[in-house]
Amino acid sequence: MSDDIGDGTGFGDGPDVEEELLEEELRQAASLLDPVPPALLQSAVDAFALRDLETRVAELTFDSLVDAIPVRGAAAAPRMLTFSAGETVLDVELTDEGLIGQVLPPAPARIDILTGPYPAATAEADDMGRFTSTVTPSGPFALRLRTTDETVMTEWLRA
């Protein structure tokens, strides 16, 4: 029994040496018997690398895969996406040839196409907010918009 004086509840006393040893043994057993999959660990590291406390998150407000009304006899249409973060709107069209978009209100900006912790490609928006890229994202992707005033990051989507 410990000579420490606590409040009698057992909560304020802190762990003793036996508890710490048991916890360490349990951690070792878990790491041997049920290790974290390497892909999950890499995803966690990649997500941590993307953090930026000043970045606003743009919410997906329109996705043509979900929100559009299908037209009978129409050829496969490009996927249209709209993201909003306050007054900033990002309209994007995903095609087989790449990505086309516009930032509203119109302003010059840099758009990073993210497929992991580092940009797969970068596009520059002109004074009208228009941009293009020859990279068509595949798998999970997000867009990071950087203007002189702010940084906005879209939700992650699957292409």
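In this report, the structure presented in the accompanying data block is examined. (Residues numbered from 1 in each chain as written. Predicted model: local features only at pLDDT ≥ 70, side-chain atom pairs only at ≥ 80, totals over all residues. Heavy atoms only, no water.)

## Topic: the overall build of the chain
Looking only at helices and strands, the chain features 3 helices and 10 strands. The N-to-C order of helical and strand elements in the chain reads α-α-β-α-β-β-β-β-β-β-β-β-β. Every one of the 159 residues in the chain was classed for burial, and the buried ones make up 28%. In the chain, the share of contacts with a sequence separation of at least 24, taken over all contacts with a separation of at least 6, comes to 47%. Surface summary for the chain: the accessible area is close to 11200 Å², and the carbon and sulfur share equals 57%. (Helix = DSSP H or I, 4+ residues; strand = E, 2+ residues; numbered from the N terminus. Buried < 20%, exposed > 50% of the residue type's maximum accessible area, 1.4 Å probe, protein only. Contact = heavy atoms within 4.5 Å. Areas by Shrake-Rupley, 256 points an atom, 1.4 Å probe, with all protein chains shown as cover.)

## Observations regarding the pairing of strand 9 (residues 151-154)
Here strand 9 shows a buried face lined by Thr151 and Met153 and a second buried face lined by Val152 and Thr154. Here strand 1 (residues 56-63) runs beside strand 9; their pairing, made up of 3 bridges, is parallel. Of the residues in strand 9, the one forming a bridge with Ala58 is Thr154. Linking strand 8 (residues 140-146) to strand 9, which pair antiparallel, is a turn of 4 residues. (Pairing = 2+ DSSP bridges.)

## Details of the side chain of Arg79
One can find Arg79 in strand 2 (residues 79-85). Since its relative accessible area comes to 12%, Arg79 is described here as buried. A distance of 2.5 Å separates a polar atom in the side chain of Arg79 from a polar atom in the side chain of Asp63. (Polar contact = N/O pair within 3.5 Å; in protein donor to acceptor, adjacent residues only side chain to side chain.)

## Concerning a negative patch on the surface
Where like charges cluster on the molecular surface, the negative patch consists of Asp16, Glu18, Glu19 and Glu20. By the secondary structure assignment, Glu19 is in helix 1 (residues 17-33). (Patch = residues over 30% accessible without salt bridge, like charges linked within 9 Å, V, L, I, M, F, W, Y side chains within 5 Å. Salt bridge = Lys/Arg side-chain N within 4 Å of Asp/Glu carboxyl O. Lys, Arg positive; Asp, Glu negative; His and termini not counted. Charge placed at Lys NZ, Arg CZ, Asp CG, Glu CD.)

## Considerations on the environment of Leu114
Its location among the elements puts Leu114 in strand 5 (residues 109-114). Using a relative accessible area of 0% as the deciding quantity, one classes Leu114 as buried. It is 8.5 Å that separates the C-alpha atoms of Leu114 and Pro140, two residues lying 26 residues apart in sequence.

## Focus: the pattern of salt bridges
Side chains that carry opposite charge are capable of pairing whenever their charged atoms lie near each other. A complete count under the given rule lists 7 salt bridges for this structure. The residue Arg144 makes a salt bridge to Asp112 at a minimum N-O spacing of 3.2 Å. Here the residue Arg144 occupies a position in strand 8, and Asp112 occupies one in strand 5, the gap between them amounting to 32 residues. Comparing Arg144 with Asp112, the two get one shared label, buried. A salt bridge links Asp126 to Arg130; the shortest N-O distance between them is 3.0 Å. Here the salt bridges do not stand alone but share partners, grouping Arg110, Asp112, Arg144 and Arg146 into one network.

## Thoughts on the nonpolar core
By size, the foremost hydrophobic cluster in this structure holds 21 residues, and its most contacted members are Val92, Ile111, Phe131 and Leu143. At the level of elements, strand 2, strand 3 (88-95), strand 4 (98-104), strand 5, strand 6 (119-125) and strand 8 are the ones that each hand at least two residues to this core. Setting aside chain neighbours within four positions, we find Phe131 in contact with Leu90, Asp91, Val92, Leu99, Ile100, Gly101, Gln102, Val103, Ile111, Ala123, Glu124 and Ala125. (Core = buried A, V, L, I, M, F, W, Y, C linked by side-chain atoms within 4.5 Å.)

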